[in-house]
Amino acid sequence: MTAYPRAHALMKRGAEFLGSEYAILCGAMSWVSERNLVSAISNAGGFGVIACGAMTPELLDAEITATKALTSKPFGVNLITMHPGLFDLIAVCARHSIGLVVLAGGIPPKGSIEALKEAGAKVICIPPTLALAKKYLRSGADALVIEGMEAGGHIGPVSTSVLAQEILPELAADHLIFVAGGIGRGEAIAGYLEMGAAGVQLGTRFACATESIAHPAFKSAFFRGNARDAIASVQVDPRLPVIPVRALKNKGTEEFTAKQLEVAKLLDSGAIEMGEAQLQIEHYWAGALRRAVIDGDVENGSLMAGQSVGMVSKEEPVADIIATLMQECEAALAKR
Ligand SMILES: Cc1cc2nc3c(=O)[nH]c(=O)nc-3n(C[C@H](O)[C@H](O)[C@H](O)COP(=O)(O)O)c2cc1C
């Protein structure tokens, strides 16, 4: 027996694929998605994913070991494709028999999907377009997360609702597609499930859970934040591409604009080369997220958050958040 029969029926494929009770992934969030939140999500019936971010293989190894000590349920690992040690990180996942790896941050390099599958892991890719969705599936991805620009963190240009309409009718019948970006309530989950999604991925809604180690000041900023405060960063110089990042506006977001101008000037003067310039911009955010999440510097750090931040109003245990989402989802489906 289940309290959520309609939701369970629509989530069946996704939940079986993940090996979880509910087809709800907590999207990897750098610095936030570590052992405590990941194990709490999996223990509550969702699917937790460790954010490897810029971790070394040794750190990832330790994080996986520590997470295993906190849950016997399956969880995944999110690897950033441009990490210079990607194949060493894949080897760590293989040694730990990680069942599911999410490859994020761009086109997976040659051999990476194959290496993961050889190690027995299922692979999820995050395509920004229908064409890339088809390409990733041809390359061996077992499932996809489609993530719209409402999401927190690095984002593409297209909204979740449009991506869902472009991709789900075409691919969802034969493939496992999880929808992410801007989901704060179960009614939205119901809608995407009815469109054929195998499940959903949420980040912002879980970032301030009781089990999240995010600094109290980071959590307070989320509780205060409204949808309109979670803004995408803007590219200032055409030579210096910026993958937009959605974060709560603060002094740090303003300074990012200044940083781009400063780096552009260094480029103009020949003091640095293009590669170095682009790296400096990427690194700005990597350090800034840690400052906000761990140190609680909500002025200068990056408060990565999706537009659903307006629906995050208090600290709640992961199990309560999941129960609320499932109740809302079931109630919405029951009205149909
Ligand atoms: C603070 C924060 C950090 C994130 N870091 C990552 C990351 O390291 N890798 C990744 O693939 N996605 C990252 N994301 C995106 C989430 O995994 C997830 O897809 C997204 O939050 C879903 O949209 P939502 O925020 O609207 O729920 C991050 C999101 C947030 C809010």
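Our structure's up above, just so we're on the same page.
Residues numbered from 1 in each chain as written. Predicted model: local features only at pLDDT ≥ 70, side-chain atom pairs only at ≥ 80, totals over all residues. Heavy atoms only, no water.

### Considerations on the pattern of salt bridges
Then, number 1: Applying the stated rule across the entire model yields 16 salt bridges.
Then, number 2: With a closest N to O distance of 3.0 Å, E170 and K134 form a salt bridge. With E170 in helix 7 (residues 160-171) and K134 in helix 6 (residues 130-138), this residue pair connects regions lying 36 residues apart in the sequence.
Then, number 3: Of the residues examined, K134 reaches a relative accessible area of 30% and is grouped as partly exposed.
Then, number 4: Through salt bridges with shared partners, one network takes in R185, E187 and E328. (Salt bridge = Lys/Arg side-chain N within 4 Å of Asp/Glu carboxyl O. Helix = DSSP H or I, 4+ residues; strand = E, 2+ residues; numbered from the N terminus. Buried < 20%, exposed > 50% of the residue type's maximum accessible area, 1.4 Å probe, protein only.)

### Description of the packing of helix 6 against helix 7
Then, number 1: Relative orientation of the contacting elements helix 6 and helix 7 amounts to 40°, with a least axis distance of 10 Å. Relative to helix 7, the element helix 6 is oriented oblique. At the point where helix 6 passes helix 7, the crossing takes the right-handed sense. Every residue of helix 7 that contacts helix 6 at L130, A133, K134 and L137 is listed here: E166, I167, E170 and L171. (Axes fitted to C-alpha atoms, helices over the stretch in contact; angles between N-to-C directions. Parallel < 35°, antiparallel > 145°, perpendicular 65-115°, else oblique. Left-handed = near helix turned anticlockwise from the far one by under 90°. Contact = heavy atoms within 4.5 Å.)

### Some words on the site of the ligand
Then, number 1: Close to the ligand lie 18 residues, the nearest being A28, S30, E147, G182 and T204.
Then, number 2: Here an oxygen atom of the ligand sits 2.8 Å away from a polar atom, N or O, in the side chain of Q201.
Then, number 3: The backbone of G203 places a nitrogen or oxygen atom 2.8 Å from an oxygen atom of the ligand.
Then, number 4: Isolated, the ligand exposes 600 Å² of accessible area, and the fraction of that covered by the protein chains is 94%.
Then, number 5: For the shell around the ligand, the secondary-structure elements that each account for two or more residues are strand 3 (76-80) and strand 9 (199-202).
Then, number 6: A breakdown of the residues in the shell around the ligand according to their chemical character gives seven nonpolar, 10 polar and one charged. (Near = heavy atom within 4 Å. Polar contact = N/O pair within 3.5 Å; in protein donor to acceptor, adjacent residues only side chain to side chain. Areas by Shrake-Rupley, 256 points an atom, 1.4 Å probe, with all protein chains shown as cover. Nonpolar A, V, L, I, M, F, W, Y, C, P; charged D, E, K, R; others polar.)

Just geometry here; none of it tells us what the structure is for.
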